[in-house]
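# Architecture and fold: a report
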Number of protein chains: 2
Amino acid sequence: MNENELLERRRRALAPGYELFYREPVHLVRGEGVFVWDHAGRRYLDCYNNVPSVGHCHPRVVEAIATQAALLNTHTRYLHETVVQLSERLATKLSNGLGTCWFVCSGTEANDLATQIARSVTGHHGMLVSEYAYHGNSDLVLKLSTDSYPADRRPDWLGVVEPPNTYRGPFRLGEEDLGARYAESVSRAIEGLAERGHAPAAMLVDTSWDANGVLIPPHDYLVRSAAIVRAAGGLVIADEVQAGYCRLGDTWWGHDRYGLVPDIVTLGKPMGAGHPVAAVVTTPEIAAAFSEHSDYFNTFGGNPVSAAAALCVIDVIDDEGLLENAHQVGGHLAAGLAELARNHEIIGNVQGSGLFWGLDLVGDRSSRRPIAREDTKRLVSRLRDEGILTGVTGRHGNVLKIRPPLPFGRDHADHALEVLDRCLREFSETAVS
Amino acid sequence: MNENELLERRRRALAPGYELFYREPVHLVRGEGVFVWDHAGRRYLDCYNNVPSVGHCHPRVVEAIATQAALLNTHTRYLHETVVQLSERLATKLSNGLGTCWFVCSGTEANDLATQIARSVTGHHGMLVSEYAYHGNSDLVLKLSTDSYPADRRPDWLGVVEPPNTYRGPFRLGEEDLGARYAESVSRAIEGLAERGHAPAAMLVDTSWDANGVLIPPHDYLVRSAAIVRAAGGLVIADEVQAGYCRLGDTWWGHDRYGLVPDIVTLGKPMGAGHPVAAVVTTPEIAAAFSEHSDYFNTFGGNPVSAAAALCVIDVIDDEGLLENAHQVGGHLAAGLAELARNHEIIGNVQGSGLFWGLDLVGDRSSRRPIAREDTKRLVSRLRDEGILTGVTGRHGNVLKIRPPLPFGRDHADHALEVLDRCLREFSETAVS
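Everything quoted here is computed from the prediction, not taken from an experiment.

What follows deals with the domain arrangement of chain A. All names here are of chain A. Entries for chain A in the domain assignment read domain 1 (3-54 + 321-430) and domain 2 (59-319). Taking the mean C-alpha position of each, domain 1 and domain 2 sit 25 Å from one another. Contact with domain 1, which involves 28 residues of that partner, is made by 26 residues of domain 2. Of all the elements in the fold, those that place two or more residues in the side of domain 1 that touches domain 2 are helix H11 (322-343), strand S11 (347-353), strand S12 (356-364) and strand S16 (399-402). Across the side of domain 1 that touches domain 2, the residue classes break down as 11 nonpolar, 13 polar and four charged.

Below you can see the structure in the form of structure tokens.
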């Protein structure tokens, strides 16, 4: 296969919006655990992909999919046990009565449905989201994705909240009452909605603030914010598409890490380890209230194969101790990244937890001036040349994103840290403007 | 497994809106070809499910999924050949430059994106759909699904068109100029939009009018309607989730059957034979225009496994001659259903084509009074007791829906017709009010 020929065929066959990572795209053909291989046989350590949550091509997940696909694949209008088991298992991972499920195909569908539910049960139309958040791209959810379109085109029912970025935001580490001060932004957003004639149906929050560069909020921020939203009659939706499934290393879900009890939880990417499956989970009361007016049905959602894949992912996480692994290796990574930050002026801040990290890269530490997006991309390309897959995130495109599959081990971390150290040294010598 | 116990667990685990078919639900555990088996080992002839398009658990599709799932499953940000091959193959099945693809996870996502595209490239906001249509259930697409909510809650940008029901609608078989007269309803809907300050971005049309009971429109209706929409600056979106993939027996797509050249085509249910994959296909020009303002990306859409499944489905349809089969068996079914209609007064009309049929059931042929929805359900339950799976559709819930997997053969058709004959006789004797 000639690469240029394939690229040309792709250019003709897919819409122009189909962007590839890297100027010289990676042509992957095989994956196993935390490694992927390109068409030339070159191996890469995957420090980027959370969708293959339990590792690329986990044999148990592959087997679960293959076995069920050979047996039966229909939909939830017929009785089938696996989708019930999946819902029951998810309930054991969630607390406070969160255990009534709808299964869908993508995080987008989950956030779209969650918003419909919140609006239906509260009777309110307003929605609160963070500045520069990403939640998906249906017509509705795209409007909730403040990173995806110009601020002057926001609908009047959208209230936008300051994300709790304690390195780069208006209130910073070292100052007092950070949680309360960031939560005040929620109050202001609700006031803004009221001025435009809306009350909040819900606050939708990615509990890892991925698009903002992976944030660790003040410990009391989410609980305070939730109280404010609820006082205004709104619900709290935790978008766990990024932070969920043990990503942050301490808890199964981002919201648990901060003591938040959401009304609705949305799940996606890691849930099927690559198989298209996602979910909305809520309380029996909210589910009942919504179901009075809706018999939402998703043809593929929760079908026997999707349910088998998602159930197997939970089993593998439990059986292989992947939460504990994310915790242990996360601590190791935290120490290693802190060490890197001591040696590299370009690292303005190390933010994250478990197996989800952002390195906020700066041209100058005192002003915290972000490096240019193109420079971050250059670093990510350099790392790829060294066999390490990472990504770019953050409002300024200056955050290096590290988000490997959950079986990522200490030795993988050490290797990644070593390569990163080398590339950052080289990068600083040649590039920082 | 105690059935009642599983039902009770399901009731607790899934949202109350999760309806099951039949008062005594069917608990399926296995499928093969056009047959499914329940937990008690009972076999059913599947005359209902179009999602397992090439037959339940087709070994080639299972193998394609299992093989690719074991090899690599990532996303379209890395270069991969299969998604390109899939797009190229789809283009060979479509005409007139329709060949630029976006891959998504569900028909809902496809129709949501298609509407976003139409609005973006036309600069118009209005949408035209049929009365009592179903297109999906994202926040946007639910509004386009006129069968799903009360008419007084329709947004002002929605123009609703009379479906071309030549048995039950305002203009009926035997009258003249049916195509033109139904198409006039499109003009009126556009005028209505204009009065409310909107121009049409697109007309979205299910080319089988499934929710309306499976309609065969006047031959020139779609071409005439499309011309009217285009004259008003709108595009035409063919929703091929139901009619596509050879369902109607004459052509791969519903729109081809009527000589319509759509601007955008949406695909879904049958595309992956159960695997969650769907698509939007348009011309290079429209794709380019939309991509100027959007870099739409769908995490699971077109991933290597989804692409392998969808590619295999096309291969199987071609290799097994399933279009020809749908044509042949469709003709056989048409004759058999016409014969049934001669013998059963309750059959007001036989409508459909290929392997997609609706029997419009009436209490009285002269008034065409539809039988009650509960009576249709009772017939469907009776058929299920006889080992035949069918469904209910239509605005009045009086249409018996027959829509088997594509490998449905003559002998399957004969068996279904025989059971149907028996059940209809029994039904007429006991029930018609």
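All names here are of chain A. Their axes nearest at 9 Å, the elements helix H4 (residues 107-122) and helix H9 (residues 284-291) cross at an angle of 80°. In terms of orientation, H4 and H9 fall into the roughly perpendicular class. Contact residues: Ile 117, Ser 120 and Val 121 in H4; Ile 286, Ala 289 and Phe 290 in H9. Its residues placed into classes, the contact of H4 with H9 shows five nonpolar, one polar and no charged.

A few words now on the nonpolar core. As a rule of thumb, soluble globular proteins bury nonpolar side chains together. In terms of nonpolar packing, the biggest core is built from 292 residues, with Ala 279, Val 280 and Ala 309 of chain A together with Ala 279, Val 280 and Ala 309 of chain B touching the most fellow members. Residues contacting Val 280 of chain A, with those up to four places away along its chain left out, are Cys 101, Trp 102, Val 104, Ala 110, Leu 113, Ala 114, Ile 117, Ile 264 and Thr 266 of chain A.

We now examine the sheet that holds strand S2 (residues 35-38) of chain B. Residue and element names in this part refer to chain B. Spatially, S1-S2-S3-S14 is the arrangement adopted by the four strands of the open sheet, whose pairing is mixed. Two strands bound the open sheet, and with one partner strand each, they are strand S1 (28-32) and strand S14 (388-389). Where S2 lies against strand S3 (residues 43-46), three bridges are found, and the strand directions are antiparallel. By the bridge assignment, Val 36 is partnered in S3 with Tyr 44.

Pairing within the open sheet is mixed, and its four strands lie in the order S1-S2-S3-S14 (chain A). Every other strand in the sheet has two partners, leaving strand S1 (28-32) and strand S14 (388-389) of chain A as the edge strands with one partner each.

Moving on, we get to the relation of the copies chain B and chain A. For the pair chain B and chain A, the best superposition has an RMSD of 0.0 Å and corresponds to a rotation of 180° with a translation of 0.0 Å parallel to the axis. Taken together, the turn and the small shift mark the pair as related by a two-fold rotation axis. For chain B, the residue whose C-alpha comes nearest the rotation axis is Ala 66 of chain B, separated from it by 2.5 Å. Of all interface residues in chain B, 100% are interface residues in chain A too; the two copies therefore contact each other through one and the same surface.

Our focus in this paragraph is the interface of chain B and chain A. Put simply, an interface is often sized by how much accessible area is lost when its parts join up. Contact residues are listed per partner, giving 74 residues for chain B and 74 residues for chain A. Residues that form the side of chain B that touches chain A fall into these classes: 37 nonpolar, 25 polar and 12 charged.

Right, let's get into the pairing of S12 of chain A. Residue and element names in this part refer to chain A. Among the nine residues that make up S12, seven are buried, leaving the element largely enclosed by the rest of the structure. Pairing geometry for S11 and S12, over six bridges, is antiparallel. Residue pairing for S12: Asn 349 is matched across the bridge by Asp 360. If you look at the hairpin formed by S11 and S12, you'll find two residues sitting between the two strands, and Gly 354 has a positive phi there, around 60°. Note that S12 and S16 share four bridges and pair antiparallel. Note on S16: the bridge partner recorded for Asp 360 is Val 399. Note that S12 and strand S13 (residues 369-370) share two bridges and pair antiparallel. Within S13, the position partnered with Val 362 by the bridge is Pro 370.

Okay, H11 of chain A next. All names here are of chain A. Relative to the 32 Å expected for 22 residues at 1.5 Å per residue, H11 spans 30 Å between its end C-alpha atoms, a close match to the ideal helical length. Three or more residues of H11 are buried, namely Leu 322, Leu 323, Asn 325, Ala 326, Val 329, Gly 330, Leu 333 and Leu 337. The buried residues of H11 occupy an angular sector of 125° when the element is viewed end-on, so they sit on one face. Set apart from the buried face of H11 by more than 90 degrees, the exposed residues are Glu 324, Ala 335, Ala 338 and Arg 342. Lining the buried residues of H11 we find helix H10 (304-319), S11, S12 and helix H13 (410-430).

In this section: the packing of helix H1 (residues 3-13) of chain A against helix H3 (residues 81-93) of chain B. Running from N to C, H1 of chain A and H3 of chain B cross one another at 45°; their axes reach a closest spacing of 9 Å. The orientation of H1 of chain A relative to H3 of chain B falls into the category oblique. Where H1 of chain A crosses over H3 of chain B, the two elements pack in a sense that is left-handed. Only Glu 81, Val 84, Ser 87 and Glu 88 of chain B of H3 of chain B make contact with H1 of chain A, whose side of the interface consists of Leu 6, Arg 9, Arg 10 and Ala 13 of chain A. Considering only residue class, the contact of H1 of chain A with H3 of chain B consists of three nonpolar, one polar and four charged.

Once that is clear, we can look at the environment of Ala 189 of chain B. Residue and element names in this part refer to chain B. Inspection of the secondary structure assignment puts Ala 189 in helix H6 (residues 178-195). Judged by the 27 C-beta atoms lying within 10 Å of it, Ala 189 falls in the buried class. As a C-alpha pair, Ala 189 and Met 271 span 82 residues in sequence and 32 Å in three-dimensional space. Sequence-distant contacts of Ala 189, that is, excluding residues within four places in its chain, are made with Leu 128, Gly 159, Val 160 and Val 161.

Here the focus is the pairing of strand S4 (residues 100-104) of chain B. Both faces of the sheet carry side chains from a regular strand, because those side chains alternate between them. Residues and elements named next belong to chain B. Burial analysis of S4 places five of its five residues in the buried class, the great majority of the element. Every second residue of S4 is oriented toward a common face, with Thr 100, Trp 102 and Val 104 on one face and Cys 101 and Phe 103 on the other, all of them buried. The pairing of S4 with strand S10 (residues 278-282) spans five bridges and is antiparallel. Bridge pairing in S10 links Thr 100 to Thr 282.

Our next topic: unusual backbone geometry. For Cys 57 of chain A, which is not glycine, the phi torsion reads 50° and is therefore positive. Its location among the elements puts Cys 57 of chain A in the loop between strand S3 (43-46) and helix H2 (59-71).

Conventions we followed
Residues numbered from 1 in each chain as written. Chains lettered and ligands numbered in written order. Predicted model: local features only at pLDDT ≥ 70, side-chain atom pairs only at ≥ 80, totals over all residues. Domains from an automatic or database assignment. Contact = placed C-beta atoms within 7 Å. Helix = DSSP H or I, 4+ residues; strand = E, 2+ residues; numbered from the N terminus. Nonpolar A, V, L, I, M, F, W, Y, C, P; charged D, E, K, R; others polar. Axes fitted to C-alpha atoms, helices over the stretch in contact; angles between N-to-C directions. Parallel < 35°, antiparallel > 145°, perpendicular 65-115°, else oblique. Core = buried A, V, L, I, M, F, W, Y, C linked by C-beta atoms within 7 Å. Buried ≥ 20, exposed ≤ 12 C-beta atoms within 10 Å, placed from the backbone. Pairing = 2+ DSSP bridges. Least-squares fit on C-alpha atoms with pLDDT ≥ 70 in both. Expected span 1.5 Å × (residues − 1). Arc of directions from axis to C-beta. Left-handed = near helix turned anticlockwise from the far one by under 90°.

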